[in-house]
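# Descriptive analysis of the structure
Okay, here's what each chain looks like letter by letter:
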Amino acid sequence: MSEARGKAGGTSEAEGIARELEDFVRERFLVPDDDPLFSREVNLWDEGYVDSPGVVEVLAWLEERYALTLPEDVVFRPEFTSIRGMAETLAALLAGDGR
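Residues numbered from 1 in each chain as written. Predicted model: local features only at pLDDT ≥ 70, side-chain atom pairs only at ≥ 80, totals over all residues. Heavy atoms only, no water.

Think of a pair of aromatic rings as described by two things: how far the centres are apart, and how the planes are tilted against each other in angle. Under the definition given, this model contains four aromatic pairs. The interplanar angle of 85° and the centroid separation of 6.3 Å between the aromatic rings of F24 and F29 together place this pair among those described as edge-to-face. Each member of the pair, F24 together with F29, is buried. Judged by relative accessible area, which is 15%, F24 ranks as buried. Connected via pairs of aromatic rings, a cluster forms that spans F24, F29, W61 and Y66. We note R28 situated over the ring of F29; from NZ or CZ to the ring centre the distance is 5.5 Å. R65 extends its terminal NZ or CZ atom over the ring of Y66, reaching a point 4.8 Å from the ring centre. (Phe/Tyr/Trp six-rings, centres within 6.5 Å; stacked < 30°, edge-to-face > 60°. Buried < 20%, exposed > 50% of the residue type's maximum accessible area, 1.4 Å probe, protein only. Lys NZ or Arg CZ within 6 Å of the ring centre and 35° of its normal.)

Attention now moves to unusual backbone geometry. Excluding glycine, residues mostly carry a negative phi; peptide bonds, for their part, are mostly trans. Unlike most non-glycine residues, L30 shows phi in positive territory, near 55°. Positionally, L30 belongs in the loop between α2 (10–28) and α3 (52–65). On the accessibility criterion, L30 (72% relative accessible area) is exposed. Despite not being glycine, A67 shows a phi value in the positive range, around 50°. Looking at where A67 falls in the secondary structure, it is placed in the loop between α3 and α4 (72–75). On the basis of relative accessible area, A67 is assigned to the exposed category, the value being 60%. (Helix = DSSP H or I, 4+ residues; strand = E, 2+ residues; numbered from the N terminus.)

Our next topic: the pattern of salt bridges. Per the counting criterion, the structure on display carries nine salt bridges. Among the ionic pairs, E57 bridges to R28, the shortest N-O distance being 2.2 Å. Of this pair, E57 sits in helix α3 while R28 is found in helix α2, placing the two residues 29 residues apart along the sequence. Look at R28 and you get partly exposed, because its relative accessible area is 41%. Here D73 makes a salt bridge to R77, at a shortest N to O gap of 3.6 Å. On the basis of relative accessible area, D73 is assigned to the exposed category, the value being 52%. Residue class for R77 comes out buried when judged on its relative accessible area of 15%. (Salt bridge = Lys/Arg side-chain N within 4 Å of Asp/Glu carboxyl O.)

So, in structure tokens, the structure goes:
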């Protein structure tokens, strides 16, 4: 069982996913820790933190890290543009909710 799946409760699981995803995005896309506009709620694509090829990279990382295939309808949801939205959606998928 993965570390993310082993955590109790959807909120703590979503928080753990958000933390890992934020770390990945900051490292891979060179987002400085002191960037005043960056947050877990910012639209990563619209604000230019992640470009088109980067979107594919983020999706591939999520699928590999959490051993799942993201359904197309999930990937195109408006909330799937921010770290928080992705984390909450992934936590629901891992819990079997699928929201």
